[in-house]
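The lines below spell out each chain.
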Amino acid sequence: MQLEAQKREILGKKTKKIRKEGKVPAVIFGKGMDSVNLTLDYNSFNKVYKESGETDLVDIKIGNEKTKVLIKDVQFDPVSGRVSHVGFYKPDLTVKTEAQVPVEVVGEENNELIKSGTALALQLIQEIKVEALPEDIPHSFIIDVSDLNEIGSGVSVSQLNYDREKVSIPELSPDETVVRIEETKVQEEELEEAAAISEEEAIA
């Protein structure tokens, strides 16, 4: 994936003008380098961000030069919700780095328990921190729950599909559950109990 950018001289509050022109201010930073201020096309960035997330390397093209970066810090306008600033991190491609990789659950529409309303897929972990070379970072961890047809069955960290020779998960134990099939009734009771406790606290 590639993004074309232009070097930016406008800084601070004056960047409002850039945003009005359908562009977004950005910066490239990294260890041992001076930060580089940039301007990007807003729609082009959004398209790449949806595809890459914060785990895939992106080529930033400035003139005839290309720099491989990770999208590291995306800021949003609190009123409009539009991207207001982007931070790109230039990693050393020969050194392992840490990244938060999202967990994606698929196959719920094929699970008989979920289709019948008897159960749901309870996602206990949304993101998993990994350590890998920048080019080896997984885009996401995809968990297919199609064949999890027993209440209480699930997928643990040790069952995730990834290259264990290139990627490590330093902060989670192998037997920690990422997704579990939970009975719908149990979930409803837990929600009702939580609501009752909140009401009692409010009265107190």
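Each remark here, short or long, concerns the structure printed above.
Here the structure is a predicted model, which means the values were calculated and not measured.

Student: A description of the nonpolar core should follow, citing residues and the corresponding values.
Tutor: Among the nonpolar cores identified, the biggest contains 28 residues, and Val130, Phe141 and Leu160 are the most heavily contacted of them. Of all the secondary structure elements, the ones that give two or more residues to this core are β7 (97–106), α3 (112–115), β8 (119–123), β9 (127–132), β10 (141–144) and β12 (177–183). Broken down by element, this core gets its largest block of residues, 4 residues, from β7. For Phe141, the contacting residues outside a window of four places in its chain are Val101, Pro102, Val103, Glu104, Ile128, Val130, Leu160, Asn161, Tyr162 and Ile169. Counting 19 residues, the second largest nonpolar core, distinct from the first, contains Val24, Ile28, Phe45 and Val83.

Student: Provide a residue-level description of the pattern of salt bridges, including the pertinent values.
Tutor: Enumeration according to the criterion identifies 5 salt bridges in this entry. Across the pair Asp59 and Lys68 runs a salt bridge, and its minimum N-O distance is 3.2 Å. Relative accessible area serves as the criterion here: at 17%, Asp59 is assigned to the buried category. We classify Lys68 as partly exposed; its relative accessible area is 35%. Linked by salt bridges that have partners in common, Glu98, Lys129 and Glu171 make up one network.

Scoring rules and cut-offs
Residues numbered from 1 in each chain as written. Predicted model: local features only at pLDDT ≥ 70, side-chain atom pairs only at ≥ 80, totals over all residues. Heavy atoms only, no water. Core = buried A, V, L, I, M, F, W, Y, C linked by side-chain atoms within 4.5 Å. Buried < 20%, exposed > 50% of the residue type's maximum accessible area, 1.4 Å probe, protein only. Helix = DSSP H or I, 4+ residues; strand = E, 2+ residues; numbered from the N terminus. Contact = heavy atoms within 4.5 Å. Salt bridge = Lys/Arg side-chain N within 4 Å of Asp/Glu carboxyl O.

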